Structures are given as structure tokens and as C-alpha cells.
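Listed below, chain by chain, are the residues.
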Amino acid sequence: MKNLLIILALALPFWVNAQNQEDVSLAYSYYNSREYEKAVYLFENLFNQTHAKNYFNYYIKCLESLGELDKAEKAVKKQMTANKNDLAYKIILGSVYKSQGKMDKASEQFDGVISALPRDRNSIIALSNSFLQADEPDYAEKTLLQGAEVAHIDFSMELFSVYASSRNYKKMSETSLDVVSADASRLATVENMLQYYLNNDTNDELYSILRSSLMQRIQKTPSTALSEMLIWVYVQKKNFKMAVNQAKALDRRTNGQGRHLVSLGQQSVDAGDFATASDAYKYVIELGEKSPYYLYAKLGVLNTMYQQVVAGSITDSEQLAYLENEYRSVFAKQGINASTVQHVINYARLETYYLNHADTAKAIINKALQQPLNYAIKADLNLQLADIYLFSGDEWEALMIYAKVETDNKQNEKGDEAKLRKAKVAYYTGSFKWALSQLDVLKAATSKLVANDAMELAIIINDNLAVANEFMPADTAANPDRELQIFARGDMYMFQNRWSDALGCYDTIVTQFKSSPLVDESLYRQAQIRERQKDFAEAASLYQKVADDYAYDNLADKAAFRLAELSSTYLADPETAKTYYLKILTDYPGSIYAVQAREKFRKIDGK
């Protein structure tokens, strides 16, 4: 019995703590669901057990919500008597008076807090937060301003939070600029604080106020830190053109030699704003070779043009030849090394996929492999070399290179990339079960991109492997995987830029296997090819078929987005664009395209 009592005594604190946690969760749950009769009892008990002011605060809120204002007033006054130096209870009492409609008494309590502020930083911040809890942002502000005066403490960041909570964007902006103007080293901190609010600034109210305040200050007193902040603000809203214009002005004023422009050029390329990227790089190049960023800008121009080739906006043979010669000129002058090797890979892709010069591409890749480069770059070069062999129809040589990269990089992401490409070769050539065995391993790959690609391909194979149905032509019965083989062959032709052959494979799926789950996939791929061939009307028609007829499938939101993009950009059909951007927002709110769709819908709709 004695041992049992000892065990119970030791276990009791843990049981009580667990019980308290359960009561805490339940109390907040009742409060949030407005079941105040249940919540008030729990918060009262929790406060009596712990004397935590937060529980008392919620206890009073429950009483106020239940209309028991006299009881609330008595409870607060009791605590004030027991805690005469705790100003937070004056704020709670003032809140109760406000609920009773006794505004003069409420103001008396609130003003009493301001006039009796301690000189302790943490106490001042706590009182400001108590005012915020009482829905008194003006008094929260007064607390910090008066505290700064009596204690000689800077509360700028806390004021920022007060203004943010009340959506007072004007004061929020001015406070931010005051901080940066006083201490440029705090620029990054201020930007980090602003970023959340700018990202959630759906109607651009904060953006407009902040931009206007920045421009006024810069015009009045030019400041490098504020100019950099204005550039950053433009970038947050993807207004790269204005960011570049501002960066040019800053660069001329500070003799920055193009530092900001190079960075903005790359960000513009990443966002698909190729015209602005070219403008940024051109500025740096015109500064001359003495600029430390000259080479970066030259390579940036090449990358911008190459990305336009990939995007399909550069297809003219003369422009392709010009880009080819520019690459060769840079390599001849700068050599092949760590700073130019990524451009070697892009050049090899240009020669292979767009100029049909696979042998030229192989030669420069092999030349680059002779250089002293790190394992990751060498792996990228070898992966590209294998891709070139696969493009040229030499699957065996491609597999050999992929296998070597995988073996040499078992402990890093490059090995996973090689394994994925090996699985794709197996898929292209009809070895579906072996491909699946590799893809199943890759679903847990460190690289999210590799894992997602493996998952998507595995789904296609699993959903269509050995699927026979009553609509299948009679000559297919002996080969139930025939439709998947045709589709996979189409994917290989697509990789090899053999557009007509690929279209033929996908068309076979659409016309001969009408009940196949591969039909929408085939239609989508046909649309991609037509878009690449600049037959935007046909591409839009195919995307629309996928979005409308296969709205339940996983490609529907993607097809709707592409249709809206083509309608807006190439087909001068804003109404269709609006319809399908809206379709994404209403039918697929969790889509990865939802944010872009919302922005573009508002832009077209003029809101």
C-alpha cells in the first residue's frame, strides 16, 4: 500500500498537468465556437489554478459576451485590489467599462495606464499588447510612443506591428522608412517584416502607399538604402521594369558598376520578363569591360535569348544562328570553366534540340568534361551528354552514361536524377515493370522535383498497364499494353522533337482507344506540340477539350490555365481568358495555378 501511495504521489503532477492541457484546449475550443457558457467555467478554473493573466482575460471576455458585465467588473476590481501595481488590470477594467457604455470611465482607466508607464522595456511592450487585445490600437500606439519618451527606448518595430494589426498602412510605411533612414543596416530586417504583408496585399493598397512614400523621400533626400528598398518593393510585385529603371538611377548616382542590374536581369528571366532582362544586361554591357559585372551581363544576355528559345518566342533561323555564334564567341574569349559551364550545357541543348547539330553538342560537352570541375557540374554535363545520345536514338549509350552517373553519385541528388532518366528510357522502350521498380524508389528522393516527376510517371504507367476493355480493337487482345506502348513512344518522339511522329501516336490513342485514361493526356500533349509550333488556335481548342471534357482529371486545371494564357496573350480573347482563370479559382482553389490565375483575372477585369 505504501508503494502504491508513492506511485500515485509521483504520478499526480503529471495527471494534473495533462488534465490542465485538456481543459485549456477545450476552453479555447468553446470560446472560438462562441459557447461562452461552457468556456467561462473552464477559464475561471484555469485562472484559479494557475493565476495566469491570459486565462483571466478570456474569463472576462466570456462574461462580457454573456452580458454579465457587473460580475466582470467585480472580478476585475478584486484582482486590481490584489495586484495594485499591475497596470494590465486597468486595461481590462477599461474594456469592461466600454462594454457597459461608460466611455468616460473607460478612458480614465486607459489614460491612467499611459500616465503611470514604467520604464521597463518588456513591461511597456506587454501593456501595448494588452491594449491590442482590448481592441484599442490607438492606446497601444500611445503606450509605445509615451514609453519611448519616458524610457528613451526605440519601439519602432513594435509600432510597426501595432500599425499592421490595424491595417494603418500609412503609418506602417512611414515607420518602416524611419527605421531604414536612421540605420541602413536594418534594411533587411524591415524588408523581412514587410514581405508577409506585401504578399497578402491583394488590392495593392500597402504597395501603393509604400511606393509613394518611398518615392517622396528619395526625391526629397536621395538615399541608397531607400532606393534599394524601392527596388525591392517593385520586385515583390514582379514589376521588374520599374525595378530596373530605379536600379539604373541608383547605379548612376552611386557608380555601382551595374551590380543591381545583373541581379535584376536574372530575376526578370526567371519571371519570364525577357525584354526587361535584356534591358538590364544591356545597361551593364554598355558600361564596358572594366565593369566587374561585364561577363555576367554578357552571359546573362545569352541565357535570356536561350530561355526565349525554350519558351518558343525565338524560332527564327537567323536569330538561332546569331545566338549560336554569340555562344562560340564567348567560349573562345572566356574559355570553358566553372563560370561558363552552365552556358556550355545550354549551348549543347541549343545545338541538339533546335539546330539539329548533335555531334557539335557532344564535342563541346566532352571538351568541358576535360576541365577540373566539381562532381555536381560533371554530373550535369554527363546527364546532358546522355540526353543527347537519347535524342539521337542511341538508347544504349544513353543508358550506359546514366548508369555511370548514378553509380558515381549514390549519395546525392545527381544519382537520383540519373536513375529517373534511366527509368524514362525503360518507359520509352516499353519496359514498364522495370521502370516502375525504379520509380517506386525515387518517390522518396530528396529532390522534390525528382520525386514529383517519378510519381507522375509511375501514375501513368500504373493506371494504364495491361488495361484491356471492350472498346479495344481485336488485334490488340494479344498485346494489352499496346496503348501504353504507343503513348510512351509518343513521349519519346516528343523528347526528340519529332513532332509529326508524336502527334501520330497521340492521335492513335484519341481515335482508337476512346475509353482509355490516356486520352486526356494525349490531347494535352498534342496541345503542347501545337503551341510549340505556334498554332495557338489549335492548341487552345485542345486545351479547352481537356479542361471541359475531363474536368474531373488531374490535367484539367493545368489545361484551363494554358487556355487562359493563350487566349490572353496570343488570341486577343480576354473573355475566354477570364472564364478559365475564374474556373481555376472556383473549381480548383487548391491548384498551384490559383495565385497566378487570381492575379491575371483581376488584371483583365480591371480590379
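Structural data are supplied above this passage.
Reading the values: rules and limits
- Residues numbered from 1 in each chain as written.
- Predicted model: local features only at pLDDT ≥ 70, side-chain atom pairs only at ≥ 80, totals over all residues.
- Heavy atoms only, no water.
- Helix = DSSP H or I, 4+ residues; strand = E, 2+ residues; numbered from the N terminus.
- Rg over C-alpha atoms; globule rule 2.2 N^0.38 Å.
- Buried < 20%, exposed > 50% of the residue type's maximum accessible area, 1.4 Å probe, protein only.
- Contact = heavy atoms within 4.5 Å.
- Areas by Shrake-Rupley, 256 points an atom, 1.4 Å probe, with all protein chains shown as cover.
- Lys, Arg positive; Asp, Glu negative; His and termini not counted.
- Charge placed at Lys NZ, Arg CZ, Asp CG, Glu CD.
- Polar contact = N/O pair within 3.5 Å; in protein donor to acceptor, adjacent residues only side chain to side chain.
- Expected span 1.5 Å × (residues − 1).
- Salt bridge = Lys/Arg side-chain N within 4 Å of Asp/Glu carboxyl O.
- Phe/Tyr/Trp six-rings, centres within 6.5 Å; stacked < 30°, edge-to-face > 60°.

Participant: Can you lay out the overall build of the chain for me, pointing to particular residues and giving the numbers?
Facilitator: Secondary structure summary: the chain contains 32 helices and 0 strands in total. For a compact globule of 607 residues, the expected C-alpha radius of gyration is about 25 Å, and the chain comes in at 33 Å, more than 25% above that figure. For the chain, the spread of C-alpha atoms along the principal axes amounts to about 90 × 75 × 60 Å. Buried positions account for 47% of the 607 residues belonging to the chain. Across the chain, the fraction of contacts at a sequence separation of at least 24, relative to all contacts at a separation of at least 6, is 51%. For the chain, the accessible area works out to roughly 31,000 Å², and carbon and sulfur atoms hold 49% of it. If you average the places of the 68 positive and of the 77 negative side-chain charges in the chain, the two averages end up 4 Å apart.

Participant: Outline the side chain of N464, listing residues and values.
Facilitator: Within the secondary structure layout, N464 lies in helix α25 (residues 448–464). Only 2.6 Å separates the side chain of N464 from the backbone oxygen of I460, close enough to count as a polar contact. Sequence-distant contacts of N464, that is, excluding residues within four places in its chain, are made with L484, S516, P517 and L518.

Participant: Which residues make up α25, and what are the values?
Facilitator: Taking 1.5 Å of rise per residue, the 17 residues of α25 would be expected to cover 24 Å, and the 24 Å separating its terminal C-alpha atoms lies within 8% of that figure. Within α25, the full set of buried residues consists of V450, A451, A454, L457, A458, I460, I461 and N464. Check the buried side of α25 and you find it contacts α23 (413–428), α24 (432–442), α26 (482–495) and α28 (519–532).

Participant: Got a sec to walk through the pattern of salt bridges? Specific residues and values, please.
Facilitator: In the structure shown here, the tally under the stated rule is 33 salt bridges. Note that D204 and K237 form a salt bridge whose closest N and O atoms lie 3.1 Å from each other. Taken together, the positions of D204 in the loop between α11 (187–199) and α12 (205–220) and K237 in the loop between α13 (224–236) and α14 (240–254) put the pair 33 residues apart, joining distant regions of the chain. Residue class for D204 comes out partly exposed when judged on its relative accessible area of 30%.

Participant: Hey, could you go over the environment of K419 for me, with residue numbers and the actual values?
Facilitator: Relative to the assigned elements, K419 resides in helix α23. For K419, a relative accessible area of 16% translates into the label buried. Between the alpha carbons of K419 and E406 there is a distance of 6.2 Å; along the sequence they are 13 residues apart. Those residues in contact with K419, other than ones at most four positions away along the chain, are E406, Q438 and L442.

Participant: Describe unusual backbone geometry, and please don't skip the residues or the numbers.
Facilitator: Despite not being glycine, H152 has its phi angle at roughly 55°, a positive value. Turning to its location among the elements, H152 is positioned in the loop between α8 (137–151) and α9 (156–165).

Participant: Give me the lowdown on the environment of D23, citing residues and values where you can.
Facilitator: Looking at where D23 falls in the secondary structure, it is placed in helix α1 (residues 2–32). The buried category is assigned to D23, whose relative accessible area is 15%. In sequence terms D23 and K77 are 54 residues apart; their C-alpha atoms lie 26 Å from each other. When residues no more than four places from it in sequence are discounted, the contact partners of D23 are L42 and L46.

Participant: Mind laying out the environment of P589, listing which residues take part and the relevant values?
Facilitator: Position of P589 relative to the elements: it lies in the loop between α31 (574–587) and α32 (594–605). Residue P589 is classed as exposed on the basis of its relative accessible area of 60%. Distance in space between the C-alpha atoms of P589 and D557 is 9.6 Å, their sequence separation being 32 residues.

Participant: Go over the packing of aromatic side chains with me, naming the residues and quoting the values.
Facilitator: On inspection of all chains with the given rule, the structure shows 29 aromatic pairs. Each ring, one from F110 and one from F131, has its centre 5.5 Å from the other, and the planes form 75°; the classification is edge-to-face. With a gap of 21 residues between them, F110 in helix α6 (residues 103–115) and F131 in helix α7 (residues 121–133) connect regions that are remote in the sequence. With relative accessibility at 3%, the residue F110 sits in the buried group.

Participant: Tell me what's going on with helix α17 (residues 294–311), and back it up with residues and numbers.
Facilitator: Helix length check: α17, at 18 residues, gives a terminal C-alpha distance of 26 Å against a target of 26 Å (1.5 Å per residue), a fit within 8%. Residues of α17 that are buried include every one of Y294, A297, L299, G300, L302, N303, T304, M305, Y306, Q308 and V309, and no others. Buried residues belonging to α17 abut α15 (259–270), α16 (274–286), α18 (317–334), α19 (341–354) and α28.

Shape is all these values report; function is a separate question.
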